[in-house]
Amino acid sequence: MSEPILDPISTVRRATGIADALKQEFNPWLSQAARFDYAAKKLNLDPGIWRILSSPVTEVIVHIPVIMDNGEIEVFTGYRVQHSITRGPAKGGIRYAPDVSLDEVRALASWMTWKCAVVNIPFGGAKGGVICDPKKMSQGELERMTRRYTAALIDFIGPEKDVPAPDVNTNEQTMAWIMDTYSMHMRHTVTSVVTGKPINMGGSRGRKEATGRGVSVMCDKAMKHLGMAIPGTRVIIQGFGNVGSNAAKLLAEKGYSIIGIAEWDGGLYNAKGIDIPKLIEHRAKTGSINDFDCADCTAPHELITADCEILIPAATENVITSQNAHKIKAKILCEGANGPTTAVADEVLAGNGVFVIPDILANSGGVTASYFEWVQDRMGYFWTEKEVNERLDQIMKDSFDDVVSYAVKHEVNNRIAAYMLAIDRVAYTIKQRGIYA
């Protein structure tokens, strides 16, 4: 084994030198490897376990022929990566986007491993994706692609193997198609093959709001930990999809002041606080946050560095980088998205004393509620929304305390503490199970 990397910046620079460091910084696989290597070094991780966890256990590439509405055949490329199945079935979403790449899916799968371990639920990590532009596809084309993608993965997914869920540009309907396709192949209904389904098809109450709810709980815990008062605390949220909108709604109800919302096509700012219920209603009617009368239009990139107490990136990767990290004014960074902060930016934020709640902790409410859905499907008995929320809140609170305690004990920042805690739990299970010869 090569000499372990001693710091996160070294990993993103190691491939091609400092001249190409910026390009490497945006590679999500290298970014997660930076954190993993550093945490593994701090743990004095056994070299053999290090090798096992450095790479996914399974990578599947499929090419999906689809008859389009015009009668022509298109072939789409899809991926499913299973990073670890040591602690249980692999778990992770499926995204549809033009920029899906194998490195991105690998990184997201590994983050899912650590995320499940941080909140101590019995799953490993997986992720899937198809290279396509769903905005340019009809409902029929998306259904045919989804079903063919599912059929291609039929030997790799299942309630005891790998349980997909919604992600970027996929939703309850996508999961319904996957469940039906898998069930038809199995010749009986298998609701537990996916999570994030419609409630009347075995979905869980509270699942849709769970990631945003978890983000709001993390903000509460951070405020209490830092001795800050909630009323009037200014929050800026980047991304107003499922995670961002639900986090905004719940935080506003608790007394936080949501002063900024940034989306890919525009931003809103109101120093006195944005009326979130009205904005949600406006977005539902128009499909956009733009042209909202109760806030000023602002460039999205300016909102990321605007003055506030809490910044919540809740959209995509690589939002906070070496190019803007030094401008961040927030005291708390709560990562609702996966991989929104690069490894190089971490160093800058740490130097400026920003309290970071890392993605593998902050947005783990979604996978926790997915675990609840999987459990309910397998029992055939479903909980009330109150029961789901109470269980979710407790797991999130306990996990925050575990990570912060680990950070204090090992004198590292919260992100490295979360990685160390997760790696420690997975490594322990590998050692206990042993290596099958």
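Residues numbered from 1 in each chain as written. Predicted model: local features only at pLDDT ≥ 70, side-chain atom pairs only at ≥ 80, totals over all residues. Heavy atoms only, no water.

Engineer: Could you clarify how one ought to interpret the overall build of the protein in this entry?
Structural biologist: Counting secondary structure elements, the protein contains 16 helices and 12 strands. Its C-alpha atoms put the protein at 55 × 55 × 45 Å along the principal axes. In the protein, 68% of the contacts between residues at least 6 apart in sequence involve partners at least 24 apart. When the accessible surface of the protein is summed, it comes to about 18300 Å², and 51% of that surface belongs to carbon and sulfur atoms. Treating the 47 positive side-chain charges of the protein as one cloud and the 51 negative ones as another, the clouds have centres 4 Å apart. (Helix = DSSP H or I, 4+ residues; strand = E, 2+ residues; numbered from the N terminus. Contact = heavy atoms within 4.5 Å. Areas by Shrake-Rupley, 256 points an atom, 1.4 Å probe, with all protein chains shown as cover. Lys, Arg positive; Asp, Glu negative; His and termini not counted. Charge placed at Lys NZ, Arg CZ, Asp CG, Glu CD.)

Engineer: I keep staring at the pairing of strand β5 (residues 162–166) and nothing clicks. Help me out?
Structural biologist: One face of the sheet, then the other: side chains in a regular strand alternate in exactly this way. The element β5 is extensively covered by neighbouring structure, given that 4 of its 5 residues are classed as buried. Where strand β3 (residues 90–97) and β5 come together, 5 bridges link them in parallel fashion. Its bridge partner lying in β5, Lys-91 is registered against Val-163. (Buried < 20%, exposed > 50% of the residue type's maximum accessible area, 1.4 Å probe, protein only. Pairing = 2+ DSSP bridges.)

Engineer: Sorry, what's going on with the pairing of strand β7 (residues 257–263) here?
Structural biologist: With 6 of 7 residues buried, β7 lies mostly within the body of the structure. Looking at chain direction, strand β6 (residues 234–238) and β7 are connected through 5 bridges and run parallel. Residue pairing across strands places Arg-234 opposite Ser-257, the latter belonging to β7. For the crossover that starts at β6, traverses helix α9 (residues 242–254) and ends in the parallel β7, the hand is right-handed. When β7 meets strand β8 (residues 266–269), the two strands line up antiparallel, connected through 4 bridges. In the sheet register, Ile-261 faces β8, and the bridge partner there is Leu-268. A loop of 2 residues connects β7 with β8, the two strands running antiparallel in sequence. (Right-handed = clockwise from strand over helix to strand, strands pointing away.)

Engineer: Please explain the sheet that holds strand β1 (residues 58–67) as it appears in this structure.
Structural biologist: Strand pairing in a sheet relies on backbone hydrogen bonds. The paired strands run either parallel or antiparallel. Strand order in the open sheet formed by 5 strands is β1-β2-β4-β3-β5, and the pairing between neighbours is mixed. Strand pairing shows two members of the sheet lacking a second neighbour, β1 and β5, which therefore form its edges. Neighbour-to-neighbour, the strand axes of the sheet open up by a mean angle of 25 degrees, direction not taken into account. Strands in contact with helix α5 (residues 102–118) are β1, β2 (73–82), β3 and β4 (124–131); relative to β4, the strand with the most contacts, it is inclined by about 155 degrees. (Axes fitted to C-alpha atoms, helices over the stretch in contact; angles between N-to-C directions.)

Engineer: How should I be thinking about the pattern of salt bridges in this particular structure?
Structural biologist: Counting across every chain of the model gives 27 salt bridges. With a shortest N-O distance of 2.6 Å, Arg-106 and Glu-59 are connected by a salt bridge. Within this pair, whereas Arg-106 is found in helix α5, its partner Glu-59 is found in strand β1, the two being separated by 47 residues in sequence. In this structure, the salt-bridge partner of Lys-197 is Asp-377, at a minimum N-O distance of 2.7 Å. Of this pair, Lys-197 sits in the loop between α7 (172–186) and α8 (210–226) while Asp-377 sits in helix α14 (residues 365–379), placing them 180 residues apart in sequence. Owing to a relative accessible area of 2%, Lys-197 belongs among the buried residues under this scheme. (Salt bridge = Lys/Arg side-chain N within 4 Å of Asp/Glu carboxyl O.)

Engineer: What is the right way to look at α8 in this model?
Structural biologist: Note that an α-helix has 3.6 residues per turn; residues three or four places apart therefore point the same way. With 17 residues, α8 extends 24 Å from end C-alpha to end C-alpha; this agrees with the ideal 24 Å at 1.5 Å per step. Of all 17 residues that make up α8, 13 are buried, and the element is covered over most of its length. Looking one or two residues past α8, Gly-227 carries a phi angle of roughly 70 degrees, positive in sign. (Expected span 1.5 Å × (residues − 1).)

Engineer: It is not clear to me how the nonpolar core should be interpreted in this structure. Could you clarify?
Structural biologist: Counting residues in each nonpolar core, the largest one holds 80 residues, and the members touching the most others are Trp-114, Met-218, Ile-261, Ile-312 and Ile-357. Considering every element that reaches this core, the biggest residue donor is helix α16 (residues 414–433), with 11 residues. Apart from residues no more than four positions distant in its own chain, Ile-312 is found in contact with Val-215, Cys-219, Val-235, Ile-236, Ile-237, Gln-238, Leu-251, Cys-334 and Gly-336. Listed in part, the 25 residues of the second largest apolar core include Cys-132, Tyr-149, Ile-157 and Val-193. (Core = buried A, V, L, I, M, F, W, Y, C linked by side-chain atoms within 4.5 Å.)

Engineer: Could you clarify how one ought to interpret the sheet that holds strand β12 (residues 355–357) in this entry?
Structural biologist: Read from one edge of the open sheet, 7 strands run β9-β8-β7-β6-β10-β11-β12, paired in mixed fashion. The sheet is open, and its two edges are formed by β9 (296–298) and β12, each paired on a single side. Recorded for the sheet is a direction-independent mean angle of 20 degrees between the axes of neighbouring strands.

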